[in-house]
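What follows is the residue order along each chain.
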Amino acid sequence: MKALEGVRVLDLATLFAGPMAAMLLGDFGAEVVKVEHPAKPDPSRGHGPGGLWWKMLGRNKRTMTLNLSTAEGQDLLVALARDADVVIENFRPGTLERWNLSYDRLREANPRLVLARVTGFGQFGPYAKRPGFGTLAEAMSGFAAMTGEPDGPPTLPPFGLADGICALATAYAVMAALRARETTGEGQVVDMSIIEPLLTVLGAQPTIYDRLGVVPPRTGNRSVNNAPRNTYRCADGSWVAVSTSAQNIAERVMRLVGRPEFIDEPWFATGAGRVEHADELDEAVAAWVAARTREQVLAAFEEAQAAVAPIYDVRDVLADPQLTALDAVTTVEDPELGALRMQNVMFRLSETPGEIRWTGRSHGADTAAVLTELGLSATDVEALRDKGVI
């Protein structure tokens, strides 16, 4: 048995937060049907080198096509929603309503339906109608303003950070709504903006500003809460990252790099005090690391029980023995490409584990099967295909 076995999800969303939320639900057994436009497939099918994003993002999903701007397509979606538990969409606010697919209509067909609406800025407010992308959330949440070197420009992440965090939050919100349904017997609307989950994980900035008027500066790899905390280059040209969030770790690092005298300084007793002397601490750690290979650095830190990590690229990730032991990146057979490596389900349940049952399927691969399950005949399906509804 899978944790979400029996949960039926309709994924109407495109790049990236909504589809990834549906993927996360599918990883643990939800039956996910990806609904795409007949002539305009999800852009993730062509995203990135070789269009391989779709193979991951579309995993564990059946795929069908449906033109929701047609009356027949709308009726078919309502019929699908009648037996679904969750619908995930990321159209601009008002789009479903314009297509006669409002929550009121969907709820009339299925009062237990959870509708997750993922947008840039939420369903109401002055920005609600704006197109929303993760980049905008990364800019407007405060993330970019505090990311980068002190004398450099604000820095955006080179991947879909806001979308990924929003996907996790959306899956969580859907599960909360499904749990509430067990008590109330009714579904509800999840109003998820891409900006709010990222704003939350940035921490207590609003509270700190409210009480103290402090605006977080750009500090590069340094922390405003403790030091030393940075990346350091080894003698062989590779890099490591060091963290000293705990006082005892900071003391171990100083002993290891041959500067135990710092430990006796009054300012060393707190993270805030060490931050004020970050230049001195960084210089000591950097000089010690620079004289050794990464292998030597990692071995010495491990023996000293201090916190260090090698800075990996994807090649290192795939070769790491701990990640290999966890099967964090697993191999899945794809009917078109053969064996594919991709991130596994992101946590392990002892009794109802998740799994990747299949990779992203071709555009509309399951259209006929899904509609036949609704009661349509093969002739009905062909007629819909001829009219461009599917």
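Throughout what follows, the structure given in this document is the object of discussion.

As a further point, take the packing of helix H10 (residues 247-256) against helix H13 (residues 294-304). Following both chains from N to C, one finds H10 and H13 inclined at 130°, their axes separated by 10 Å at the closest point. One element, H10, and the other, H13, form an angle in the oblique class. In the crossing of H10 with H13, the sense of the turn from one axis to the other is right-handed. In contact with Arg 252, Val 253 and Leu 256 of H10, H13 contributes Ala 300, Phe 301 and Ala 304. Partitioning the contact of H10 with H13 into residue classes produces five nonpolar, no polar and one charged.

Scanning all chains against the criterion turns up seven aromatic pairs. Both rings, one in Phe 16 and one in Trp 53, keep their centres 4.6 Å apart while their planes meet at 45°; by these two values the pair is tilted. Linking Phe 16 in the loop between strand E1 (8-11) and helix H1 (17-27) with Trp 53 in helix H2 (residues 53-57), this pair joins segments that are 37 residues apart in sequence. Classification of Trp 53 as partly exposed rests on a relative accessible area of 32%. For the pair Phe 121 and Tyr 127, a centre-to-centre distance of 5.6 Å together with 75° between the ring planes defines the contact as edge-to-face. Note on Phe 121: relative accessible area 16%, which makes it buried. Aromatic ring contacts, followed pair by pair, group Phe 262, Trp 267 and Phe 268 into a single cluster.

Right, let's talk about the sheet that holds strand E8 (residues 239-242) for a bit. With antiparallel pairing, three strands are arranged side by side in an open sheet as E7-E8-E9. Either end of the sheet is taken by a strand with one partner, and the two such strands are strand E7 (230-233) and strand E9 (308-310). Looking at each pair of strands side by side, their axes are set apart by 30° on average, direction ignored. As judged from the four bridges shared by E7 and E8, these two strands associate in the antiparallel manner. Bridged to Asn 230 within E8 is Val 242. Running at roughly 35° to E7, helix H12 (residues 278-290) makes contact with E7 and E8 of the sheet.

The rules we used
- Residues numbered from 1 in each chain as written.
- Predicted model: local features only at pLDDT ≥ 70, side-chain atom pairs only at ≥ 80, totals over all residues.
- Heavy atoms only, no water.
- Axes fitted to C-alpha atoms, helices over the stretch in contact; angles between N-to-C directions.
- Helix = DSSP H or I, 4+ residues; strand = E, 2+ residues; numbered from the N terminus.
- Parallel < 35°, antiparallel > 145°, perpendicular 65-115°, else oblique.
- Left-handed = near helix turned anticlockwise from the far one by under 90°.
- Contact = heavy atoms within 4.5 Å.
- Nonpolar A, V, L, I, M, F, W, Y, C, P; charged D, E, K, R; others polar.
- Phe/Tyr/Trp six-rings, centres within 6.5 Å; stacked < 30°, edge-to-face > 60°.
- Buried < 20%, exposed > 50% of the residue type's maximum accessible area, 1.4 Å probe, protein only.
- Pairing = 2+ DSSP bridges.

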